[in-house]
Every structure is written in structure tokens, then in C-alpha cells.
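Chains, contacts and geometry: an overview
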Amino acid sequence: MTDHPLTVTLDPYALARELSGKHLINGALVPAASGKTFDVVNPAKGEVVGQAAFGEAADVEAAVAAAAKAQKEWAKRPARERGKLVAACGQALLAHVEEIARLITLETGKALRTESRVEAGVLSDSFTFYGGLAPELKGETVPFSPTVMTITQREPIGVVGAIIPWNVPLLLMALKIAPALVAGNAVVVKSAEEAPFAVLRVCQILNTILPPGLFNMLSGMGPECGAPLVTHPKVGKVTFTGSVETGRIVYKAAAEKLIPVTLELGGKSPMIVMGDADLDKAVAGAVVGMRFTRQGQSCTAASRIFVHSSIHDEFVSRLKAKVDAMVMGDPLDEKTDIGTIVSPGQFEKVKAYIEQGRKEGGTAHACSAMPTAEALGRGLYVQPVIFTGLTNHSRLAREEIFGPVTCVIRFDDYEDAINQANDTEYGLAATIWTNDLKKAMDATQRLEAGLVQVNQNLVVQPNISYGGVKTSGLGKEASLEAMLEHFTHKKTIMINMA
Ligand code: ADP
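Thresholds applied
- Residues numbered from 1 in each chain as written.
- Predicted model: local features only at pLDDT ≥ 70, side-chain atom pairs only at ≥ 80, totals over all residues.
- Heavy atoms only, no water.
- Salt bridge = Lys/Arg side-chain N within 4 Å of Asp/Glu carboxyl O.
- Buried < 20%, exposed > 50% of the residue type's maximum accessible area, 1.4 Å probe, protein only.
- Near = heavy atom within 4 Å.
- Polar contact = N/O pair within 3.5 Å; in protein donor to acceptor, adjacent residues only side chain to side chain.
- Areas by Shrake-Rupley, 256 points an atom, 1.4 Å probe, with all protein chains shown as cover.
- Helix = DSSP H or I, 4+ residues; strand = E, 2+ residues; numbered from the N terminus.
- Nonpolar A, V, L, I, M, F, W, Y, C, P; charged D, E, K, R; others polar.
- Core = buried A, V, L, I, M, F, W, Y, C linked by side-chain atoms within 4.5 Å.
- Domains from an automatic or database assignment.
- Contact = heavy atoms within 4.5 Å.
- Expected span 1.5 Å × (residues − 1).
- Bend = angle between axes of the 7 residues up to and from the residue.
- Buried area = accessible area lost by both parts, 1.4 Å probe.

Digging into the pattern of salt bridges
- For the coordinates displayed, the defined rule picks out 29 salt bridges.
- Across the pair Lys335 and Asp333 runs a salt bridge, and its minimum N-O distance is 3.7 Å.
- The exposure class assigned to Lys335 is exposed, which follows from its relative accessible area of 60%.
- Under the relative-accessibility criterion, Asp333 is labelled partly exposed at 28%.
- The partner of Glu355 in a salt bridge is Arg358, with the nearest N and O atoms 3.7 Å apart.

A few points about the site of the ligand
- Near the ligand lie 17 residues; those nearest to it are Ile164, Lys190, Glu193, Ser243 and Thr246.
- Between the ligand and the protein, one listed contact pairs an oxygen atom with a backbone N or O atom of Ile164 at 2.8 Å.
- Between the ligand and the protein, one listed contact pairs an oxygen atom with a side-chain N or O atom of Glu193 at 2.7 Å.
- Contact with the protein chains hides 80% of the accessible area of the ligand, taken as 560 Å² for the molecule alone.
- Those elements that place two or more of their residues in the shell around the ligand are α8 (222-231), β10 (235-241) and α9 (244-257).
- Counted by class, the shell around the ligand contains 8 nonpolar, 7 polar and 2 charged residues.

Structural notes on the nonpolar core
- Counting 100 residues, the largest nonpolar core has Phe127 and Met173 as the members making the most contacts within it.
- Looking at which element gives the most residues to this core, the answer is helix α6 (residues 169-182), with 11 residues.
- Counting the residues that make up this core, at least three belong to each of domain 1 (12-265 + 472-493) and domain 2 (270-462).
- The residues contacting Phe127, other than those within four sequence positions of it, are Val86, Ala87, Cys89, Gly90, Leu93, Ala174, Ile177, Ala178 and Leu206.
- In this structure, Leu380, Leu390, Leu396 and Phe411 belong to the second largest nonpolar core, which totals 29 residues.

Considerations on the environment of His96
- Structurally, His96 is set in the loop between α3 (79-94) and α4 (97-108).
- In contact with His96, other than residues within four places in its own chain, are Leu6, Thr7, Val8, Arg201 and Ile205.
- Separated by 2.9 Å, the side chains of His96 and Glu99 make a polar contact.

Comments concerning the side chain of Ser124
- Tracing the chain through its elements places Ser124 in helix α5 (residues 112-132).
- When sequence neighbours within four positions are dropped, the list of residues in contact with Ser124 reads Gly90, Leu93 and Leu94.

A closer look at unusual backbone geometry
- Of note, Gln295 is a non-glycine position whose phi angle comes to about 55°, a positive value.
- Note on placement: Gln295 falls in the loop between α10 (279-289) and β13 (304-308).
- Residue class for Gln295 comes out buried when judged on its relative accessible area of 0%.

Here's the deal with helix α2 (residues 57-76)
- Between its first and last C-alpha, α2 extends 29 Å over 20 residues, near the 28 Å set by a 1.5 Å rise per residue.
- Along α2, the sharpest kink reaches roughly 25°, centred on Ala70.
- Asp59, Val60, Ala63, Val64, Ala66, Ala67, Ala68, Ala70, Gln71 and Trp74 are the residues of α2 that are buried.

Thoughts on the domain arrangement of the chain
- Partitioning the chain into domains gives domain 1 (12-265 + 472-493) and domain 2 (270-462).
- Its C-alpha centre places domain 1 at a distance of 30 Å from the equivalent point of domain 2.
- Domain 1 puts 35 residues into the contact, and the matching count from domain 2 is 32 residues.
- Interface area, domain 1 with domain 2, both sides summed: about 2700 Å², of which 55% is carbon and sulfur.
- Our count for the contact surface shared by domain 1 and domain 2 stands at 4 salt bridges.
- A salt bridge links Glu334 to Arg117, with the nearest nitrogen and oxygen atoms 2.6 Å apart.
- Counting the contacts that link domain 1 with domain 2 gives 16 residue pairs in polar contact (both at pLDDT 80 or more).

Right, here's the structure in full:
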């Protein structure tokens, strides 16, 4: 913990260099025990911008030991005091929004204006929100017997391991660590290999306010760094966001230790547009829902859009026009709406899916102009694609692409649309667009998803419970419920007064 706020550094390249080769353990920026690092690449230019510390079991050991020690003292503090410090983190982060936004853009290729600034703002808001919820860590009085006073209280779990992905690392980190800390836990975060620096910068800022060791951050690969964090005997809870495949591995490892997990996994979110829908609103909702500004790299991406036959062609042409009008280019440029794909592996995967969609007989409507050859360079730009002519059984409609590719599927019958929307292994989010109140209400009851919205497509909010059903995950994030249910144990105390 330092008494001095950090200087804001708006040059993301300089900041990436400054943060290179470091974890944050026990309040200090330290290299990996092995001294090993790996390259971090700016996907908009294909250039190496720094090296991240390559975390392994020895680093996990040091971080967990520091966390376990700090947690004991932290848990003794009154909840409101903890809350005030976490809320102060929100304020401190506010002063760094621009800096953090530029850094996350550098490492992920997300557009600064439309994506990164928004994310950095919500990051700060999440700390402020959870800081204020500290007094809600209440227990209950149970009417067991007049002579046996029976109460429950919420106790922290201890050390929480938080594993995050690269698409919205700051927001997803905040929704894990802010409630965990307010509830009295200590945290060890493992960042995604593609995006370690902005997360590390945030941890450095938190470290100016929170006690050393309470909050530790490791960078590294899944098997070498994430896996030992999950299996560490002193980690009492794991909260994970990532792919279904890795989620299963994490769940199995946690099962061996019999510890609780929260898993936020993939999605293939349906959007149903009825014939009577307000078309302008539905088209705008599809652009937001599909996260075109983030190149579709979102678990809630509206990647299956079921549109009533009567408006199908009009919907597709308006959606295409809207995405065409978006500017794809240098993610740090203020004019840019859409940046790049995060990594070469993801880039190839998205292109393979587009090819697959063509093979399966779909028509690919490519939108938005590619940057000029000069601006393009080695940047991982992909034109957003709207597919028509594919069915809900095609691979593109069944598998999570995590890229700017959506399928617009025609339907005639409402029942059929609901059945197709539910015919997926996922269940994260869903929307319906209609002015028919009965149908809207009916759909909210029948769509199999953790979040169902009518005539809107809002992104994740700190006070709205978020999490999926089916293979989309286990448990909820955000909201008071997440803090109480997922970051505390409930202890029952019985006092016999007879
Ligand atoms: P993606 O395909 O989006 O990169 P992953 O599920 O592979 O999704 O990664 C999400 C996070 O999980 C990353 O921080 C990654 O390093 C981590 N991870 C990957 N494999 C493992 C593992 N075996 N154990 C724990 N964490 C892992």
C-alpha cells in the first residue's frame, strides 16, 4: 500500500513496457520466480508491445501465501470499513479510465471510443457499487424455538482464485474481485495470456489503497498458471470466465477439492424479431447485441437472429446498412467504431467459420469497409458478416464463434421461433422484439436463458444478476446475490438459553 496515487500515463506503449515482466504479489511488482516471460502483441499492428511474466506453480504459491496472510486481518475489519476502501478503489480507478482504456485497446485491439472507454468506466462503477453494498452482508434470525436463539451470519470463504478471459477482462475481473473483497476474502487473479497489462495496471492502482497481499495478480498460461491456482489447497473458491472446454477442466479440478466454483462460459444467444417489432429499434438492438464494435467477441453475442418472414429481407438490408456505416480501423483512433480480432489463432478460427458457412450453403453479407492497405498492415481485421440462408442446425448456428459473424434465420411461426431459440446447448441470454405484450410475456417465461430482455439488449450491469443455464455456466455474477451466495459461507449459530 502506498500513500501516493500513481501518475496517469496516457502512452499505452510506455505503460506496457513499464509493466513488462511483472506479477503483483504481496503489494509489489515482481518477476516470475523462473524469470520467464512471454510476448504480448498488439493485434492491430502485429507488433510485440511487451513481455508478461510467465506464471507457474512457484508464483501461485507466493501469491496464495500472501493472500492467505492478508485475508486473516482483512476479515477482522468491520464490513463497512472494507466497503469504504473498495469504494475508494472505484474513485481511484475513475482517474485512470483513459489510461486503462488505451492500454486495453493496445493489447486486445478493441476500439477505444466504442469499447475500451466504456469498459474502464464500468470497471470503476463496479467497485463503487460493491463498496456500498457492504452493510448488506447480513444474516437472519431463524424462529426455531423461543429458548434457542438461532441466527445465521455470512463469513468469507478465504482465498478466492479468479481466472479471467481477454474479451472484457476489466469488467469481468471487477465483477469477481469487488464482491469477493467486500465480503472479506483475499483474491489471486490470473489474467488471460492475450491481455495481461491493463489488468496488472488496475491491480497496481488497487494496491495504492488496499493492504498488501490482499489482492495479487499473476499472468501466464492456463495449464502452467491457471491450473495450479485452481488446485492450490489454500484456494477455497474459484470464479472462472472462459470457454466451456476449460470450464469443465476447472470444474473437475475443483470437484477433487470439493470447493465451490462460479463458471461463466459460452453462449449462442438468440434474438427473436416478431413481424410487429419496431424495426429501427430491433436493428439497433442487433448491432449492440451482436457486439459488432467488439468484433463479436462476447459470450452474449446475438449470434442467432430469428426474424419473421414478413420483415426478414428488410431487417437484413437495414442491419447491413447500419454495420456498413461503422468505421473499421486503428483501434486507438477516435473515428474507429470496430477494431481488430484479438489474436492470430482467433482470426483464423473466425475465417474458417465464415468459409464453413459458405460451404453449408449460406450467403455471407460482408459489411463495413476494410481499412486501407496502408492502415491494414498486419492488423487482424475481419469484415463483420451477416449470414442468411443457414438453418439453426448449421455449425455456425450451433457453435460459439467469438467473432463478428451472425446468422439471420427466417421463421413464420412464433412457436417454431421459441423452439429453435431453445434448441441449443447454451442458455446465457435471449431477447424478443415485439409490441405484442402477451407474446413478450410468454417468451420471457419460455426462453431458456439466464437473462431475457424484451425490446432491449443491455450489456452486463453491476446490479443485474448475470449468469447462464445449460452449458453457459453455474452461478451468478454481479448483483448483491453474487456477493452473498458466491463469496460467503452461511454459518448457523444456535444459543440454548433454557
Ligand atoms: P479462450 O478460448 O477464450 O482463451 P479459455 O477458456 O481457454 O478461453 O481461457 C480463459 C481463461 O482460462 C484464461 O485466463 C486461460 O489462461 C485460463 N485457462 C486455460 N486453461 C486453463 C486450465 N487448464 N486451468 C485453469 N485456467 C485455464
